[in-house]
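# Observations on chain architecture
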Amino acid sequence: QAQAALDAAEAAQDELTARYQALAAAGKPWPRGKIPAGKDANVRIARQRERARKARERAACAEARAAGLLAGTLRVNPADPGTLLLPAKNGGGWIQGWNLELAAARRQVLLAVELHDNPADTGALVPVIRAAMAALARASRAPGAASLREQVRGWLADSGYASAANFAELEDLLLLVAVTSEAAQAGRRSRGPGRATPAGWKKMEARLATPAGQALYRRRAALVEPAFAQLFARFGRYFSYRGRDAVHAEATLLGTVHNIARLFAHRDRTARAPT
């Protein structure tokens, strides 16, 4: 985006300079005051070039972190080589582990518990939604069960999952993924000036700009964020096993215990409700 802004500024400056040169060649005065300098002598373009350079450096660092690279060396845990070096949530630093992904419904009931081997969430959106849909399909096959997939009003995710590839692959679903801050997408404050919307995000941006889109997206945080907090409060942030299959089985077991706890809590609320 920074490079695109730089290219546009340089093109505009080239056009302005060409207009000045054409008037000068015709012996006509420049009507706009200060004579335009070439793009290589323009202070504003020099600042934009510096911003683009820094943006490229930040992008390179982000790609290195997402690939599990630190100081140019891949850190591998010999006890669990499937894990990567991830940025730690509490206190900063790094931790060798997995990126835990949850799909949650009302009252923080978990539909899917998945592991992602990258600190960036973008690549986890499609797998976790597909896993949740498969779980709903299995549950619907139980005797007397209704189709649960038809009861899903929409799939909500924060801006960490936004990408044109995800939007295209999940085009058949009512998907709402934030393209800016959580507060702006939920309608709690205006978006304000900021970065340009990337290509392939326009449809999602328009969907979230509607009152219905904002009202539905506003439910996202209350559905899934408490589930993370409850899991970490009950079981901590460390797994007891190593290897993807064993860790996934452990994570699924913890998610099942969490759902049973939600079921008991619902039973207690129902028993206390006035008749």
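Everything that follows concerns the structure shown earlier in this document.
As a starting point, this report considers the structure included with it. The written sequence of each chain sets the order in which its residues are numbered from 1. Per-residue local features are limited, in this predicted model, to residues with pLDDT of at least 70; the limit for side-chain atom pairs, both in listing and counting, is 80 or more; totals at the level of whole chains, interfaces and linings are taken over all residues. Processing note: side-chain calculations cover all non-hydrogen atoms of the structure and skip hydrogens and water entirely.

### Some points on the pattern of salt bridges
Quick reminder of the rule: Put simply, a salt bridge is a Lys or Arg side-chain nitrogen that is within 4 Å of an Asp or Glu carboxyl oxygen. Secondary structure elements follow DSSP: runs of H or I no shorter than four residues count as helices, runs of E no shorter than two count as strands, and numbering proceeds from the N terminus. Note on classification: 1.4 Å probe, protein chains only; a residue is buried when its accessible area is under 20% of the maximum for its type, exposed when over 50%, partly exposed between these limits.
Tallying each qualifying case throughout the model produces nine salt bridges. Arginine 220 is the salt-bridge partner of glutamate 182, the closest N and O atoms lying 3.1 Å from each other. A residue pair is termed long-range when its members are at least 10 positions apart, and glutamate 182 in helix α5 (residues 182-185) and arginine 220 in helix α8 (residues 220-235) qualify at 38 residues. Judged by its relative accessible area of 24%, glutamate 182 is partly exposed. The class for arginine 220 is buried, based on a relative accessible area of 7%. Shared partners join several salt bridges into a network, and the residues in it are Glu10, Asp40 and Arg49.

### So, unusual backbone geometry
Unusually for a residue other than glycine, arginine 107 sits at a positive phi of about 60°. Its identity as a non-glycine residue notwithstanding, glutamine 108 has a phi of 60°, on the positive side. Relative to the helices and strands, glutamine 108 is located in the loop between β5 (99-104) and β6 (110-116). For glutamine 108, a relative accessible area of 11% corresponds to the buried category.

### Describing the nonpolar core
Put simply, the rule reads: By nonpolar core is meant a set of buried Ala, Val, Leu, Ile, Met, Phe, Trp, Tyr and Cys residues that side-chain atoms within 4.5 Å join together. Residue contacts are defined here by distance: any two heavy atoms, one from each residue, within 4.5 Å place the two residues in contact.
In terms of nonpolar packing, the biggest core is built from 28 residues, with Leu125, Ile129, Trp155, Phe167, Leu170, Leu175 and Val177 touching the most fellow members. Of all elements in the fold, only α3 (125-140), β7 (155-157), β8 (175-177), α6 (202-209) and α7 (211-217) reach the threshold of two or more residues within this core. A total of eight residues in this core trace back to one element, the largest contributor, which is α3. Apart from residues lying up to four places away in sequence, leucine 170 is in contact with Leu125, Val126, Ile129, Arg130 and Leu175. Grouped together as the second largest cluster of nonpolar side chains are 12 residues, Val113, Val224, Phe228 and Ala251 included.

### Topic: the packing of aromatic side chains
Let me state the cut-off plainly: Aromatic rings from Phe, Tyr and Trp, with only the six-membered ring used for Trp, were paired whenever their centres fell within 6.5 Å, and each pair was classed as stacked if the ring planes differed by under 30 degrees, edge-to-face if by over 60, and tilted otherwise. When the NZ atom of lysine or the CZ atom of arginine is within 6 Å of a ring's centre and also within 35 degrees of its normal, the charge is said to sit over that ring.
Taken as a whole, this structure holds three aromatic pairs when the rule is applied. Taking 5.7 Å as the distance between ring centres and 85° as the angle between the ring planes, the aromatic pair formed by tyrosine 20 and tryptophan 30 counts as edge-to-face. Of the two residues, tyrosine 20 sits in helix α1 (residues 2-25) while tryptophan 30 sits in the loop between α1 and α2 (43-66), which places them 10 residues apart along the sequence. Given a relative accessible area of 23%, tyrosine 20 falls into the partly exposed group. Judged by its relative accessible area of 13%, tryptophan 30 falls in the buried class. Against the face of phenylalanine 232 rests arginine 237, its NZ or CZ located 4.0 Å from the ring centre.

### Some words on the environment of arginine 242
Rules: Polar contact is the term for a pair of N or O atoms within 3.5 Å; when the atoms are in protein, one must be able to donate a hydrogen and the other to accept it, and sequence-neighboring residues count only if both atoms are side-chain atoms.
You can see arginine 242 is positioned in the loop between α8 and α9 (244-272). Distance in space between the C-alpha atoms of arginine 242 and leucine 16 is 63 Å, their sequence separation being 226 residues. Setting aside residues no more than four positions away along its own chain, arginine 242 makes contact with Ala79, Asp80 and Val247. A polar atom in the side chain of arginine 242 sits 3.4 Å from the backbone oxygen of phenylalanine 239.

### A closer look at the environment of aspartate 245
With respect to the helices and strands, aspartate 245 occurs in helix α9. Judged by its relative accessible area of 67%, aspartate 245 is exposed. Sequence-wise, aspartate 245 and leucine 115 are 130 residues apart; in three dimensions their C-alpha atoms are separated by 9.8 Å.

### Some remarks on α9
Residues three or four positions apart in an α-helix share a direction because the helix packs 3.6 residues into each turn. The criterion, for reference: Between the first and last residue of a helix there are one fewer steps than residues, each counted as 1.5 Å, and that sum is the expected span.
In a regular helix each residue adds 1.5 Å, so 29 residues correspond to 42 Å; α9 covers 42 Å between its end C-alpha atoms and thus fits that length. Residues of α9 that are buried: Val247, Glu250, Ala251, Gly255, His258 and Arg262. For α9, the elements touching its buried residues are β5, β6 and α8.

### A word on a positive patch on the surface
Keep this limit in mind: Like charges within 9 Å and nonpolar side chains (Val, Leu, Ile, Met, Phe, Trp, Tyr) within 5 Å are joined into patches, using only residues over 30% in relative accessible area that form no salt bridge. Using a 1.4 Å probe, the Shrake-Rupley method yields the accessible areas, and only the shown protein chains count as cover for residues. For this count, His and the chain ends are skipped, Lys and Arg are scored as positive, and Asp and Glu as negative. Charge positions are represented by NZ for Lys, CZ for Arg, CG for Asp and CD for Glu.
Residues Arg106, Arg107, Arg153 and Arg219 make up a contiguous surface patch of positive charge. With respect to the element layout, arginine 107 can be found in the loop between β5 and β6. A relative accessible area of 41% means that arginine 107 is categorised as partly exposed.

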